[in-house]
Number of protein chains: 2
Amino acid sequence: MDAFTDKRSESVFSLGEIALIELIKRWLGDISPCTPFGIGDDCAVLEPSNKPQLVTTDPVIFGTHVDANVSGRAAGKKLLNRNLSDIAAMGGCPRAAVLSLALPAETSITWLRDFYRGIASTARQHGVKIVGGDITDAHACFFGAFLTLHGEAASERVVTRQGARAGDLIYVTGRLGGSRIRHHYSFTPRLAEGAWLAAQPAVRAMIDLSDGLAKDILSITPVGVKPALFGERIPISNNARRWAKGTGLSPLHHALSDGEDFELLFVVDYRADQSALQRNWKKNFQKLPLTCIGHFSSPPHLPAGTIRLEKFHGYEHLR
Amino acid sequence: MDAFTDKRSESVFSLGEIALIELIKRWLGDISPCTPFGIGDDCAVLEPSNKPQLVTTDPVIFGTHVDANVSGRAAGKKLLNRNLSDIAAMGGCPRAAVLSLALPAETSITWLRDFYRGIASTARQHGVKIVGGDITDAHACFFGAFLTLHGEAASERVVTRQGARAGDLIYVTGRLGGSRIRHHYSFTPRLAEGAWLAAQPAVRAMIDLSDGLAKDILSITPVGVKPALFGERIPISNNARRWAKGTGLSPLHHALSDGEDFELLFVVDYRADQSALQRNWKKNFQKLPLTCIGHFSSPPHLPAGTIRLEKFHGYEHLR
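This structure is a prediction, so every number in the text was calculated from the model and none was measured.

### A word on the pattern of salt bridges
The tally for this structure, following the rule as stated, stands at 32 salt bridges over all chains. Glu17 of chain B serves as the salt-bridge partner of Lys215 of chain A, at 3.1 Å between the closest nitrogen and oxygen. Residue Lys215 of chain A is found in helix H6 (residues 213-216), and its partner Glu17 of chain B is found in helix H1 (residues 16-28); the two belong to separate chains. In this structure, Lys215 of chain A and Glu17 of chain B share a single accessibility class: buried. Residue Glu310 of chain B is joined to Arg308 of chain B by a salt bridge in which the shortest nitrogen-to-oxygen separation is 3.1 Å. The residues Glu310 of chain B and Arg308 of chain B share a single accessibility class, namely exposed. One salt-bridge network, in which partners are shared between bridges, spans Asp168, Arg204, Asp269 and Arg271 of chain A.

In structure tokens form, the structure reads like this:
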């Protein structure tokens, strides 16, 4: 369904800003707390906390991240879930979000209602409140929703992208590739898994896969070492196999290059008991595969059979 | 100067995302702290604080808030300043911001550099760090910068829009109207003033003027009372007088209806010593006028000579 409508009576133009904000509060329901902790003042107020605070921001833009094939509800879920995935990647627990909308007067009220309901149901699931935002006119049929999500460390520490060393092992959750078949708007952010991993001292670095394994792994690779990944170990999703039939590329290619997997990629100290870690994982997250896909190796020689990552490209914006 | 260019070599297309992020970090300089407290991880990390936390979000969109007559530098300053004004309105102290950009590949590198330098110089002035963000392709020559600013209470409390009662007096800082003559991108957010006012127990409610006095005052008017404002007391700016010459409307009309004044409108307990408050204000903020423009009155009768606010309109989006 389209986000825009030619009929004035069905568009946000017929409401104006003030009535629209009232409707948004109704659509959000209990997800929108009362002022001063929520929508309706110059700032939202969050209670102080003695844990490290996390902040992340990611948008959903109509025409870039979603299109007329995606329902408003799925678009709203995707917006919050992609930000939740960033909180998961630091081992965090989400708390509250603000949402800045740029939209034209032609935006369909029905589509926008579904969009906010998608946000609300996802927020309810994860204990997130929508505490504020802004609405601005955009011309040229541009619809963009820019969310900023706040969280805090779930345990004692946050896990950053830095901390890997030569010899450390590389793990990934779930199966990769082919996200354009539904997965890019139906994925589950790995919050419980990220929080659990942050509580394991052997986990040294973590990132969520948003631009494709081949690109994202470079963000956790320290200077002076190289990732040695083994092709036969990469967990390839069924979607990647199906998608590959239409592209002429290999399923492995899609598992390495497609963006929007939203799985966790993390690094474990090579001296840690790997089989104990994998056993504990299975006890906690029975349904989600965990795979050791390689390790960080010191140049000049990569082990035989490792993937030449420079042959694959993740998604790069503005190109 | 225009934000867009036809020459590929002068546009962000020639850089791509990764090189652009490196450039942005360079443009921001010391305003961009090292990861994990800054740009370059899944989330930014802020240190815990025992004060109430404030969050606000406001964008600058090319074609809506700024145009080709405004330099990139002025656009960047405006973006941060309008968010700072929201922190000021709660009596807060700003700390850190994240910035989500939607821009087309045709964006001029020079314009964008000036834009970030404008943000950086304003951030330096107010002790704000830019700790994270996102960059996404936008088609159709849409440039939007969506900033979310974090702060905390400057004193013991935050001042909200709620708290006014019948009889309370209404004050405004500075002079109003005609913001389209430079003021809308050269204004100063009233941070020191907002923090000082929040420390005065007699100040009951506060807001910053962004959509025009006639509209914004309704946000601090409690149910069951009406604002009684006296026309001859409204502090009219020279810009409003100049602007009125071209519109055929009165300078007072512009002072009531123009948006983007970014002055503080606040409410003082009618039992407080008003002249002591005004004396103390003068000691602290000699150069900035403070004016008592009226009070909240109980219906059915407004005092003679008060402004009929329903005849004036502030700015309403999506109309």
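### Quick look at the interface of chain B and chain A
In this complex, chain B contributes 67 residues to the contact, which on the side of chain A involves 67 residues. Here chain B meets chain A over a buried area of about 5,400 Å², counting both sides, of which 59% is carbon and sulfur. In this structure, Arg161 of chain B engages Asp42 of chain A in a salt bridge whose closest nitrogen and oxygen atoms are separated by 3.1 Å. Counting the contacts that link chain B with chain A gives 15 residue pairs in polar contact (both at pLDDT 80 or more). Sorting the residues of the side of chain B that touches chain A by element identifies H1, strand E1 (44-46), strand E2 (53-61), helix H2 (72-89), strand E3 (92-103), strand E4 (129-137), strand E5 (144-153) and strand E7 (203-208) of chain B as the ones contributing at least two each. No other element matches E2 of chain B, which puts 8 residues into the side of chain B that touches chain A. Counted by class, the side of chain B that touches chain A contains 33 nonpolar, 20 polar and 14 charged residues. In terms of strand pairing, strand E2 (residues 53-61) of chain A meets E1 of chain B through 3 bridges, oriented antiparallel. When the sheet's bridge partners are listed, Leu54 of chain A is paired in E1 of chain B with Val45 of chain B.

### Topic: the relation of the copies chain B and chain A
Overlay of chain B on chain A (RMSD 0.0 Å): rotation 180 degrees, translation along the axis 0.0 Å. Such a combination of turn and shift is consistent with a two-fold rotation axis. Most of the interface of chain B is mirrored in chain A, where 100% of its interface residues again form contacts.

### Some thoughts on the packing of H2 of chain B against helix H3 (residues 109-126) of chain B
A packed helix pair is summarised by two numbers, namely the angle formed by the two axes and the spacing between the axes. Residue and element names in this part refer to chain B. Between H2 and H3, the least distance of the axes is 6 Å, while the angle of their chain directions is 40 degrees. Viewed along their axes, H2 and H3 adopt a mutual orientation that is oblique. As for the relative orientation of H2 and H3, their crossing is right-handed in sense. For the pair formed by H2 and H3, the contact residues are Gly72, Arg73, Ala75, Gly76, Lys77, Leu79, Leu80, Asn81 and Leu84 on the first element and Trp111, Asp114, Phe115, Arg117, Gly118, Ile119, Ser121, Thr122, Ala123 and His126 on the second. By residue class, the composition of the contact of H2 with H3 is 8 nonpolar, 7 polar and 4 charged.

### What about the sheet that holds strand E10 (residues 290-297) of chain B?
Strand pairing within a sheet occurs via backbone hydrogen bonds; the two strands may be parallel or antiparallel. All names here are of chain B. Strand order in the open sheet made by the 5 strands is E7-E9-E6-E10-E8, with antiparallel pairing throughout. Of all strands in the sheet, those bounded by a partner on one side alone are E7 and strand E8 (226-229). Direction aside, neighbouring strands of the sheet carry axes that sit 30 degrees apart on average. When strand E6 (residues 169-173) meets E10, the two strands line up antiparallel, connected through 5 bridges. Within E10, the residue paired with Val172 across the bridge is Thr291. Most of the contacts of helix H5 (residues 191-198) go to strand E9 (residues 264-268), to which it runs at about 10 degrees, and overall it touches E7 and E9.

Conventions used here
- Residues numbered from 1 in each chain as written.
- Chains lettered and ligands numbered in written order.
- Predicted model: local features only at pLDDT ≥ 70, side-chain atom pairs only at ≥ 80, totals over all residues.
- Heavy atoms only, no water.
- Salt bridge = Lys/Arg side-chain N within 4 Å of Asp/Glu carboxyl O.
- Helix = DSSP H or I, 4+ residues; strand = E, 2+ residues; numbered from the N terminus.
- Buried < 20%, exposed > 50% of the residue type's maximum accessible area, 1.4 Å probe, protein only.
- Contact = heavy atoms within 4.5 Å.
- Buried area = accessible area lost by both parts, 1.4 Å probe.
- Polar contact = N/O pair within 3.5 Å; in protein donor to acceptor, adjacent residues only side chain to side chain.
- Nonpolar A, V, L, I, M, F, W, Y, C, P; charged D, E, K, R; others polar.
- Pairing = 2+ DSSP bridges.
- Least-squares fit on C-alpha atoms with pLDDT ≥ 70 in both.
- Axes fitted to C-alpha atoms, helices over the stretch in contact; angles between N-to-C directions.
- Parallel < 35°, antiparallel > 145°, perpendicular 65-115°, else oblique.
- Left-handed = near helix turned anticlockwise from the far one by under 90°.

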